[in-house]
Amino acid sequence: MDIRAQTAVVFHLDKCIGCHTCSVACKNIWTDRKGAEYQWWNNVETKPGTGYPGKWEDQSIYNGGWVKDANGRIQLKGAGKKKGLLNIFHNPSMPTVEDYYEPFTYNYLNLIEAPPGNDQPTARPVSLITGEPMDVKMGPNWDDDLSGTPDYARNDPNLAALTPAERSAMFQLERMAFFYLPRICNHCLNPACVASCPSGAIYKRGEDGVVLINQKVCRAWRMCVTACPYKKSYYNWHTGKSEKCILCYPRMEAGYAPACMHSCVGRIRYIGVILYDADKIEAVASAEPKDLVARQLDLMMDPFDDKVIAAAKANGIADSTIKAAQNSPSFKFIKQWGMALPLHPEFRTLPMLWYVPPLLPVMASVTQTDGAQKDKLNPIAKTWTDNWLYDTSTEELWGTVEQARFPLKYLASLFAAGETGEVSLRLKKLMAVRIYRRWKTVGDIPEAKMTKALKETGLTQESAEAIFYLTALAKFNDRFVIPAAHREQAMEMLEFTGDVKGSTGFGFREKPERGM
Amino acid sequence: MELSNVFLFVGLPYAALVIFLIGTIQRYRNKGFKVSSLSSQFLEGRALFWGTVPFHFGILVLFFGHLSAFLLPGPTLMWNANPTRLITLEITAFAFGLSTLVGLTALFVRRLTNVRIKMVTTKMDIFLELLLLVQVVFGLWVAVGYRWGSSWFAADLAPYLWSLFKANPDITAVGAMPWPIKVHIVGAWLLIGIFPYTRLVHFLVAPLHYITRPYQRVMWNWDRKAIRDPRTPWSAMRPKNN
Ligand code: SF4
Ligand code: SF4
């Protein structure tokens with residue numbers, strides 16, 4: 001048992017309102033620079049949709065992530081020692097600026113400085129790369145809210161899991177739905193970016209699991225851009241270095257929540273420590289697709305188990321970190337309650353950003369009817385049967401998970417390597433908590449039905465209450481449990497204080513050694 | 001004439017080597033961030049393929065070919081003693097020279113015509129690519145016009161280079177060479193001299209260590225086994241990540 005600590009993140013998709021505040025917070029702090037304009041370390045996508053960069057999930061285009069070879073061992077799909085070094089002069093699967101979008105601004109100055117004339121002056125869009133006027137054809141959230149459109153929604157790579165009939169049913173006007181998928185770097189346990197870097201510039205910090213690119217060592221071999229299946233390593237065309245989300249480590253070291261999480265309006269984001277067993281990484285990453293989710297959960301250890309605590313201490317994990325792991329909202333959502341899923345576990349990077357799948361569009365089932373009510377309405381008005389959307393009778397509910405507006409197969413392709421069982425279990429848990437709360441606060445559900453719903457999903461009244469609390473009422477310090485800032489260590493992650501230890505104070509660049 | 005030969009084949013080489021050594025070290029230490037291959041594939045990928053691949057494979061073979069003839073003149077001559085082997089060697093080298101020329105021309109045209117690439121092009125890039133073009137063109141000319149270069153290089157030029165490194169320069173052979181060869185030699189010294197101040201530096205950081213390292217890299221700031229050990233307060237464990 002080799003226990004390590006990892007900062008794990010949970011995004012609760014039921015709560016995301018798609019406002020892009022997170023993206024803007026991150027952009028303002030980290031990527032508002034030349035060469036990084038097009039980089040959105042945090043971006044929010046509409047699903048179904050093609051995302052950013054376009055169709056990033058389709059590894060037949062981008063060749064990211066790991067695949068199993070004939071011997072059952074995992075190999076990088078588009079990089080690695082052989083492929084990476086052979087393709088170092090020209091990387092065939094590297095996305096170019098068109099796959100993201102050409103960054104642009106507007107020539108606002110023209111509004112003020114245009115000479116007098118007959119026409120109203122305009123602010124033309126200009127490219128942030130060349131400075132030339134350009135037609136804007138693409139942006140970082142170009143598919144925002146565009147479910148059902150031919151260019152975006154219908155090109156979603158996850159639709160490959162559906163039959164043509166299921167696909168067209170999904171995009172019927174009455175059933176059309178979408179949800180938001182905010183994405184940052186997953187700070188994976190088996191990061192493809194780290195493995196692909198020929199220079200060894202990318203590394204995972206042992207203390208908190210943050211994956212970073214050493215800017216001084218990066219030599220622009222661009223392999224991480226290809227290897228990361230989530231396309232979360234970006235090439236800065238100006239500095240000639242790759243960059244990625246740093247999980248706001250300077251903020252975390254000081255005890256603050258990362259900027260995107262702190263600013264999240266929907267409060268969908270949770271961050272906490274997870275203790276995991278590093279000895280199991282390779283085996284778990286090579287698991288069969290249907291076992292991937294379950295095996296990844298096996299990796300995470302119980303922070304209350306004495307053996308785990310002893311092993312953690314032997315590995316130098318601080319008491320405050322262990323305490324944070326016991327209090328971790330991520331651990332609760334992911335492991336204790338089993339309500340979250342990793343994005344595309346079949347990429348085998350063991351991502352440490354997990355998602356609570358969205359319930360509402362899934363549960364909604366809509367039918368048109370000729371009720372008595374209809375006669376009273378304008379003929380073009382739509383009426384609905386009684387038992388749609390927020391149906392509270394449990395029989396109906398369990399029945400509708402499978403015939404949801406989004407086919408379960410769609411969500412399973414996103415979050416469970418195709419295992420619909422993993423998705424429906426989590427959706428039922430989400431619903432069970434609602435039934436429990438409705439029974440408690442409204443009281444129009446018989447207790448027997450409530451008990452049955454909890455029992456079927458393995459929840460208790462206490463855990464349902466705790467889930468409700470962490471979902472709906474949680475305060476800042478419940479959502480962000482960041483181990484007490486080890487300030488003395490935090491500083492040393494950037495600068496080695498031992499260099500000046502034992503001298504007359506800080507400031508010497510040289511060891512104060514005795515002269516000759 | 002004699003004086004200019006001394007300048008071009010003794011003064012220039014020593015100046016170039018000194019600039020190369022000191023410049024590289026100084027640049028790596030002070031401006032290490034700038035040591036990068038500065039790839040522009042992100043801005044343009046297709047035309048790059050037809051330039052960069054033939055260029056790099058070509059120039060690598062040519063570079064190591066020249067290097068081995070310099071380091072191992074004896075074995076080179078021995079290999080060339082058999083005409084079939086000599087001709088095979090010469091034709092192969094010439095083919096890679098052509099590949100370098102084609103690739104370099106494609107790269108140069110791309111650099112001059114693509115608007116986005118122009119934005120990441122410096123004056124030094126233009127100068128360097130021109131110098132390289134001249135160098136390759138003269139190299140090909142010499143290969144055709146003054147045949148069996150691999151042999152006379154090993155016989156006449158390798159001793160000249162060795163004499164430079166032995167600090168006892170002997171330029172009688174070089175001085176008597178026809179002028180296209182002289183241009184090629186001077187071009188080589190110029191390239192070595194400007195090397196630290198161009199994007200060529202990425203050659204020195206070629207990531208060969210990738211072959212032997214394990215795929216995953218995890219770095220601890222502290223030695224995690226010793227951090228709780230009361231016996232180690234004064235031991236300075238330098239973290240690897242800074
Ligand atoms: S998401 Fe991509 S960039 Fe982030 S750690 Fe995983 S492989 Fe690396
Ligand atoms: S954690 Fe920080 S760096 Fe990463 S996406 Fe969020 S704001 Fe950006």
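Numbers given for residues are sequential positions, taken from 1 along each chain in its written order. Naming scheme: in the order in which they are written, chains are lettered from A and ligands are numbered from 1. Where totals are concerned, whole chains, interfaces and linings use all residues; where local detail is concerned, this predicted model gives features only for residues with pLDDT of at least 70, and gives and counts side-chain atom pairs only at 80 or more. Excluded from the side-chain calculations are hydrogens and water; all other atoms, namely the structure's heavy atoms, are used.

**Section: the overall build of chain B**
In this text, helices come from DSSP runs of H or I with a minimum length of four residues, and strands from runs of E with a minimum of two, each type numbered from the N-terminal end. A count of helical and extended segments in chain B gives nine helices and one strand. Listing the helices and strands of chain B from first to last along the sequence gives α-α-α-α-α-α-α-α-α-β. For chain B, the proportion of its 242 residues judged to be buried stands at 41%. Working rule for contacts: check all heavy atoms of both residues, and any pair within 4.5 Å makes them a contact. Residue pairs at least 24 apart in sequence account for 78% of intrachain contacts in chain B once pairs closer than 6 positions are excluded. Here the Shrake-Rupley method, with its probe set to 1.4 Å, supplies the accessible areas, and only the displayed protein chains count as covering residues. On chain B, roughly 13600 Å² of surface is accessible, and the fraction owed to carbon and sulfur atoms is 74%. Under the counting rule used here, the positive set is Lys and Arg, the negative set is Asp and Glu, and His together with the chain ends is not counted. Charge positions come from single atoms, namely NZ of Lys, CZ of Arg, CG of Asp or CD of Glu. Taking the 23 positively charged and 9 negatively charged side chains of chain B as two groups, their mean positions are separated by 13 Å. When a residue's accessible area, from a 1.4 Å probe over protein chains only, is under 20% of the maximum for its type it is buried; when over 50% it is exposed; and in between it is partly exposed.

**Some thoughts on the site of ligand 1**
Taken together, the neighbourhood of ligand 1 is formed by C185(A), N186(A), H187(A), C188(A), P191(A), A192(A), C193(A), V211(A), C228(A), Y230(A) and K244(A). Three classes are used: nonpolar for Ala, Val, Leu, Ile, Met, Phe, Trp, Tyr, Cys and Pro, charged for Asp, Glu, Lys and Arg, and polar for all others, with Gly counted as polar. When the residues that make up the shell around ligand 1 are grouped by side-chain class, the tally is eight nonpolar, two polar and one charged. Being near a molecule or strand, for a residue, means having at least one of its heavy atoms within 4 Å of it.

**Digging into the sheet that holds strand β9 (residues 211-213) of chain A**
By this definition, two strands are paired if DSSP reports at least two bridges between them. In spatial order, the strands read β9(A)-β8(A)-β1(B); together these three strands make up an open sheet with mixed pairing. The open sheet is flanked by β9 of chain A together with β1 (218-219) of chain B, the only strands paired with a single partner. With three bridges connecting them, strand β8 (residues 202-205) of chain A and β9(A) associate as antiparallel partners. The residue bridging Y203(A) from the neighbouring strand is L212(A), located in β9(A).

**Quick notes on the pairing of strand β12 (residues 269-277) of chain A**
Counting buried positions over the nine residues of β12(A) gives nine, a clear majority of the element. Taking every second residue as pointing to the same face, both faces of β12(A) are buried, with R269(A), I271(A), V273(A), L275(A) and D277(A) on one and Y270(A), G272(A), I274(A) and Y276(A) on the other.

**As for the confidence of the model for chain A**
Residue and element names in this part refer to chain A. Along the chain, pLDDT gives the predictor's confidence residue by residue, from 0 to 100. Residues at a pLDDT of 70 or more form 85% of chain A, whose mean pLDDT is 88. When pLDDT is averaged over each helix and strand of chain A, the minimum, 50, is found for helix α16 (residues 360-363) and the maximum, 98, for strand β14 (residues 353-356). Across residues 362-368, where pLDDT falls below 50, the model places 25 contacts with residues more than four positions away in sequence or in other chains. Low pLDDT, under 50, characterises residues 386-394; the predicted model gives this stretch 14 contacts beyond four residues in sequence or across chains.

**Overview of the site of ligand 2**
Looking at ligand 2, the residues that line it are C26(A), W30(A), W41(A), N42(A), I184(A), C245(A), I246(A), L247(A), C248(A), P258(A), A259(A) and C260(A). The residue inventory of the shell around ligand 2, partitioned by class, reads 11 nonpolar, one polar and no charged.

**Considering the side chain of H202(B)**
Tracing the backbone shows H202(B) in the loop between α9 (179-194) and β1. Residue H202(B) is classed as buried on the basis of its relative accessible area, which comes to 18%. Contacts described as polar in this section are N or O atom pairs within 3.5 Å, which, within protein, must combine one atom able to donate a hydrogen with one able to accept it, while residues neighboring in sequence count only if both atoms come from side chains. Of note is the side chain of H202(B), whose polar atom sits 2.6 Å from the backbone oxygen of R199(B). Excluding its chain neighbours within four sequence positions, the residues that come into contact with H202(B) are W221(A), S36(B), S37(B) and H56(B).

**Some thoughts on the pattern of salt bridges**
A side-chain nitrogen of Lys or Arg and a carboxyl oxygen of Asp or Glu constitute a salt bridge if their distance falls within 4 Å. Under the criterion given, the structure shown has 23 salt bridges over all chains. Of the charged contacts in the structure, one is a salt bridge between K440(A) and E465(A), with a shortest N-O distance of 3.2 Å. You can see K440(A) sitting in helix α20 (residues 420-441) and its partner E465(A) sitting in helix α22 (residues 461-473), a full 25 residues away along the chain. Overall, K440(A) belongs to the partly exposed group, its relative accessible area being 45%. Among the ionic pairs, D125(B) bridges to R111(B), the shortest N-O distance being 3.9 Å.

**Comments concerning the domain arrangement of chain A**
All names here are of chain A. Taken domain by domain, chain A holds domain 1 (1-101 + 113-357) and domain 2 (358-477). Start and end points for every domain follow an automatic or database-based domain assignment. Distance between the C-alpha centres of domain 1 and domain 2: 29 Å. With 48 residues of domain 1 at the contact, the number on the domain 2 side is 33 residues. By buried area we mean how much accessible surface two parts lose on assembly, using a 1.4 Å probe and totalling the loss over both. Here domain 1 meets domain 2 over a buried area of about 3500 Å², counting both sides, of which 66% is carbon and sulfur. Run the count over domain 1 and domain 2 and you get two salt bridges. Put simply, K409 and E166 hold a salt bridge, and the shortest N to O gap is 3.1 Å. If you look at where domain 1 meets domain 2, you find 13 residue pairs in polar contact (both at pLDDT 80 or more). Listing elements by their share of the side of domain 1 that touches domain 2, those giving two or more residues are α6 (164-170), β7 (179-183), α12 (292-299), α15 (329-336), β13 (341-342) and β14. Per-class residue counts for the side of domain 1 that touches domain 2 are 30 nonpolar, seven polar and 11 charged.

**A short note on the sheet that holds β12(A)**
Residues and elements named next belong to chain A. Strand order in this open sheet of four strands is β12-β1-β14-β13, and the pairing throughout is mixed. Two strands in the sheet have a free side with no partner beyond their single neighbour: β12 and β13. Strand direction decides the pairing type here: strand β1 (residues 3-12) and β12, joined by nine bridges, are antiparallel. In the sheet register, I3 faces β12, and the bridge partner there is D277.

**Some remarks on helix α1 (residues 21-31) of chain A**
Considered for burial, the residues of α1(A) that qualify are C22(A), S23(A), A25(A), C26(A), K27(A) and T31(A). Each element contacted by the buried residues of α1(A) is listed here: β2 (43-47), α10 (259-262) and β12 of chain A.

**A short note on the interface of chain A and chain B**
Counting from both sides, the interface comprises 66 residues of chain A and, opposite them, 52 residues of chain B. Interface of chain A and chain B: buried area, both sides summed, is about 5300 Å²; carbon and sulfur atoms make up 56% of it. By the criterion of area lost to chain B, the three top residues of chain A are K81(A), F89(A) and R219(A), representing 15% of everything that side buries. Taken together, the links from chain A to chain B amount to two salt bridges. We note a salt bridge from R116(B) to E102(A), for which the minimum N-O separation is 2.7 Å. Along the contact surface separating chain A from chain B lie 28 residue pairs in polar contact (both at pLDDT 80 or more). Contributing elements (two or more residues each) for the side of chain A that touches chain B: β1, α3 (81-86), α4 (97-100), α7 (192-196), β8, α13 (306-314) and α24 (487-494) of chain A. Across two bridges, the pairing between β8(A) and β1(B) is parallel.

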